[in-house]
Amino acid sequence: MGISLPAFAQETTLDELFQELLEADEDTYARIENQLIGELDKSGSPAMDVLLRRGQDALRDGQPEAAAEHFSALVDHAPDFAGGYYGRATAYYLLGLTGPALDDVQQVLRIEPRHFQAIDGLAVIMEELSRPEDALELYQMILEIHPQSVETKASVERLQLHLEGQAL
């Protein structure tokens with residue numbers, strides 16, 4: 001006779017995944033990162049998940065206008081779901097709408113302050129706005145959440161070299 005936990009007890013919580021990511025080594029971080037992103041993409045509603053997938057598919061297909069429409073519908077119906085704002089921020093950024101993209105990134109971070117993808121997007125925008133100190137601070141914030149991020153480490157190193165070069 002086996003004992004099994006209810007399905008909800010078997011699920012790893014976001015807090016647990018963020019803790020695992022913090023403790024991950026170079027062999028395990030990618031798996032945990034992918035699992036965490038998968039959890040962040042769960043709205044809790046099958047209908048909202050369909051809108052999310054349609055928006056993500058439109059982004060993947062190079063159709064940011066259509067993506068923005070899907071994500072806007074998602075935000076309208078699920079205003080507490082960070083994934084809708086994150087997707088729409090990405091679509092807006094690709095459309096050259098920096099202000100609306102920034103607004104949506106702020107909304108993502110209000111809902112989930114550890115959303116390292118949104119922080120990364122904000123850092124990229126800060127670099128484009130010639131604010132390398134702010135971008136560096138944001139990349140360092142990501143490393144506090146996701147210390148194994150190879151891309152983030154490279155961005156920190158690149159910006160530190162850039163800023164040290166300016167100081168000379």
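Numbering of residues starts from 1 in every chain and runs along the sequence as written. The model is predicted, so local features are restricted to residues of pLDDT at least 70 and side-chain atom pairs to those at 80 or more, both for listing and for counting; the totals for chains, interfaces and linings are taken over all residues. Side-chain measures here rest on the full set of heavy atoms in the structure, leaving out hydrogens and waters.

Visitor: Quick question: what am I supposed to make of helix 8 (residues 116–128) here?
Guide: For an α-helix, 3.6 residues make a turn, and residues three or four places apart therefore share a direction. By the criteria applied, helices consist of DSSP H or I runs no shorter than four residues and strands consist of E runs no shorter than two, each listed in order from the N terminus. Between the first and last residue of a helix there are one fewer steps than residues, each counted as 1.5 Å, and that sum is the expected span. With 13 residues, helix 8 extends 18 Å between its outermost C-alpha atoms, agreeing within 8% with the 18 Å of an ideal straight helix rising 1.5 Å per residue. Partly exposed describes any residue whose relative accessible area lies between the buried limit of under 20% and the exposed limit of over 50%, with all areas from a 1.4 Å probe on protein chains only and scaled to the type maximum. Taken residue by residue, helix 8 has F116, A118, I119, L122, A123, I125 and M126 as its buried positions. Residue contacts are counted whenever heavy atoms from the two residues lie within 4.5 Å of one another. Looking at the packing, one finds that the buried side of helix 8 touches helix 2 (14–23), helix 3 (29–40), helix 6 (82–94), helix 7 (98–111) and helix 9 (132–145). Backbone geometry just downstream of helix 8 places S130 in the positive-phi region, at approximately 60°.

Visitor: Looking at this structure, how should I read the nonpolar core?
Guide: Nonpolar side chains in soluble globular proteins tend to end up buried together. By nonpolar core we mean a set of buried residues, namely Ala, Val, Leu, Ile, Met, Phe, Trp, Tyr and Cys, connected to one another through side-chain atoms within 4.5 Å. Counting 43 residues, the largest nonpolar core has L36, L74, F116, M126, L138 and Y139 as the members making the most contacts within it. The element best represented in this core is helix 8, accounting for 7 residues. When near neighbours in sequence (up to four residues on either side) are disregarded, M126 contacts L102, R131, D134, A135 and L138.

Visitor: Quick question: what am I supposed to make of unusual backbone geometry here?
Guide: Most of the time, phi is negative for any residue but glycine, and the peptide bond is trans. Although it is not a glycine, S130 adopts a positive phi angle of roughly 60°. Tracing the sequence through the fold places S130 in the loop between helix 8 and helix 9.

Visitor: Before we go on, may I ask you to explain helix 4 (residues 46–60) in this structure?
Guide: Relative to the 21 Å expected for 15 residues at 1.5 Å per residue, helix 4 spans 21 Å between its end C-alpha atoms, a close match to the ideal helical length. Of the positions making up helix 4, those classed as buried are M48, D49, L51, L52, G55 and A58. Considering only its buried residues, helix 4 is in contact with helix 5 (64–77) and helix 6. Positive phi shows up at G62, right after helix 4, with a value of about 75°.

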